[in-house]
Amino acid sequence: MPLRANFAMTDTDMGEGAAVLMGALDNDAASAYAAAAPATRSNPPAYVPRDTFALPKGADRHYAQQYADMYYARLSELKPVLEERAMEAWAEFEISGQKARQVERVLDVRQGELSWVVGTVYCEMALKPNILDDIAKEHWMAAPPRREKYRSSDGKDEMMLEDESGRLRLTGAALDTDMLVTGCIIAALGSENADGVFEVIATQVPDLPAQPARWALTGKQGQEQRAGNKIALVSGLGISGAAGNTMALDLLAEYLTGEAQSGAAQASAQRISRLIIAGDSLAHASPIPSREDVAAKKGQKHKYGYDAAAYNAAPTERLDDFLAALLPTLPVTLLPGAQDPASVAVPQQPLHAALFPKSRAWAAPPGEAAPDTPRDGFPMHAVTNPWEGEVDGWRFLGSGGQPVADVAKYVAEESRAAIMERMLRWRNNAPTAPDTLWTYPFQDSDPLLLLDCPHVYFAGNQPHFETSLIEGPEAQAVRLVALPRFVDTGEIVLLDAETLDVEVVRVGVGLGGRE
């Protein structure tokens, strides 16, 4: 069980600590805060980010290609793996003296023959969104209500297996027990019935890929003594600029810097060697106006620049202040999320440096930090979503949570940790993209596939905190962490850099004790 602790402050406690913090935020010089803050962490983490999900720049980024290329790339990449696993599992499988045999294409399945075939799952669901919904919004028509699940209650959803030759409809009790969604690659064992439907007896998934050794990227340079380090993960700061939201953010900053603590509590906070912010740092600052609002503004005099009545810069400024307060003593990795000002399609690209006039002074100049190299000298790092990198020798992989939330709409399973485990075993960061999750149309390969098994897999902005430790067929071990929204729960997660044990800290006013 993860350890849960509470960090609380009374109104009296907030006085001096908040004054130190806000005094630093009002000063543009980073050195002013560094002088007031606790001593810099003595064991900074070895940090090597990877550019796995970086998109081409400028004119090299194209959106004209078809999404079908992504499905073909996934299938060609994972088919050899599944063929090997299926052959090992079903080589001696037989029913009534008939042995199972492999069929190369889904349309080569023959009625009454026991066989297995590899393909891509496609789920036909009546409640899935479609392009007509987007057209309705464009023409100001009432769009269908947002659906929490794509599964229909009448049992009319269909599942199919497809490859370059065509589609094969699937049925069978095995599909009710296996968690399958559109986009995952599987091997299915069964036989075709008289209706031309493939009755599935069992399935195989690719399972976890090979796991790199610790310190694989940093090598000997990273194997210094870093005992006691903790890596903090938080998501869903939801900065809106409102008074209550600002107070919670101040408390979080003071906890992370050790400002409002003393003795053992301060020493414990200083063991935090890096903060990873997993998406949705900002609340919606500029909601889409209604039809009535647009009609009311017709005929008004045009204003150059942004309209202060329609745009609120406070959330972005407050996030910049928060980061600038931490960076003199605590490195930060910042992922964008669904509510942040970044591209909608995954992989989302890093938040632009222009959003952070204060904290960007701590970031590497553009083009100076090569990929897959240590970045310990630059504590501020805005990254993609999903993101992959090495922290304290461990391979981290995580996202702002959109892929996990979308998969949850396909399945009855409510545990986000269970869904995350299944995604790893599918070897796919975003299996439902591009069907119901917007994505860049990759052509030659799909970087959303897992080539290496991480040691830590996290997803931000989930309904509540969950964690588990899973194992793979080749002794892989992965720590799964589903991060709750801080703005709703006040919770952050601390990960021990040596044992990967998890501790949950709740930051708030009036809390006390330890759960």
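Note that the coordinates shown come from a computational prediction; the quantities given were computed from them, not determined experimentally.

> Tell me about the sheet that holds strand E2 (residues 47–49), residues and numbers included.
Taken in spatial order, the six strands of this open sheet run E2-E15-E16-E17-E19-E18, and their pairing is mixed. Looking at which strands have only one partner, the edges of the open sheet turn out to be E2 and strand E18 (466–471). Each adjacent strand pair in this sheet contributes to an overall mean axis angle of 20°, direction not counted. On top of the sheet, helix H11 (residues 416–426) reaches strand E17 (456–462), E18 and strand E19 (477–484); it is set at about 135° to E19, its chief contact.

> An account of the pairing of strand E15 (residues 387–391) is requested, with residue identities and associated values reported.
Strand residues, when the strand is regular, have side chains that alternate between the two faces of the sheet. For E15, the buried fraction is high: five of the five residues fall into the buried class. Side chains Trp387, Gly389 and Val391 project from E15 onto one buried face, and the interleaved Glu388 and Glu390 project onto a second face that is buried too. Alignment of E2 against E15, held across three bridges, turns out to be antiparallel. Each bridged residue has a counterpart across the sheet, and for Tyr47 the counterpart in E15 is Val391. Here E15 runs beside strand E16 (residues 394–399); their pairing, made up of five bridges, is antiparallel. Its bridge partner lying in E16, Glu390 is registered against Arg395.

> Can you tell me about the packing of aromatic side chains, naming the residues and giving the values?
What the rule picks out here adds up to five aromatic pairs. Plain terms: the ring middles of Tyr440 and Phe442 are 5.1 Å apart, the flat faces sit at 75° to each other, and that makes the pair edge-to-face. Classification of Tyr440 by relative accessible area gives buried; the value is 5%. Taking the ring centre of Tyr122 as reference, the NZ or CZ of Arg167 above it sits at 4.1 Å. Looking at Arg274, its charged tip hangs above the ring of Tyr47, at a distance of 3.5 Å from the centre.

> Any chance you could break down the side chain of Arg427 for me, citing the residues and the numbers?
Tracing the backbone shows Arg427 in the loop between H11 and E17. From its side chain, Arg427 meets the backbone oxygen of Pro206 in a polar contact 3.4 Å long. Non-local contacts of Arg427, meaning those with residues more than four positions away in its chain, are made with Leu78, Val81, Pro206, Asp207, Leu208, Pro209, Leu448, Leu449 and Leu450.

> Talk me through the nonpolar core; I want residue IDs and the actual numbers.
Judged by nonpolar contacts, the single largest core of 49 residues is most densely connected at Leu161, Ile186, Ile419, Leu424, Trp426, Tyr457 and Val478. The biggest single contributor to this core is H11, with five residues. When residues of this core are sorted by domain, at least three fall in each of domain 1 (47–63 + 209–299 + 311–506) and domain 2 (67–204). In contact with Trp426, not counting residues within four places along its chain, are Leu78, Met179, Leu180, Val181, Cys184, Val205, Pro206, Val407 and Pro431. The next biggest cluster of nonpolar side chains, apart from the first, holds 30 residues, and it includes Ile239, Leu334, Leu351 and Phe356.

Conventions used here
Residues numbered from 1 in each chain as written. Predicted model: local features only at pLDDT ≥ 70, side-chain atom pairs only at ≥ 80, totals over all residues. Heavy atoms only, no water. Pairing = 2+ DSSP bridges. Helix = DSSP H or I, 4+ residues; strand = E, 2+ residues; numbered from the N terminus. Axes fitted to C-alpha atoms, helices over the stretch in contact; angles between N-to-C directions. Contact = heavy atoms within 4.5 Å. Buried < 20%, exposed > 50% of the residue type's maximum accessible area, 1.4 Å probe, protein only. Phe/Tyr/Trp six-rings, centres within 6.5 Å; stacked < 30°, edge-to-face > 60°. Lys NZ or Arg CZ within 6 Å of the ring centre and 35° of its normal. Polar contact = N/O pair within 3.5 Å; in protein donor to acceptor, adjacent residues only side chain to side chain. Core = buried A, V, L, I, M, F, W, Y, C linked by side-chain atoms within 4.5 Å. Domains from an automatic or database assignment.

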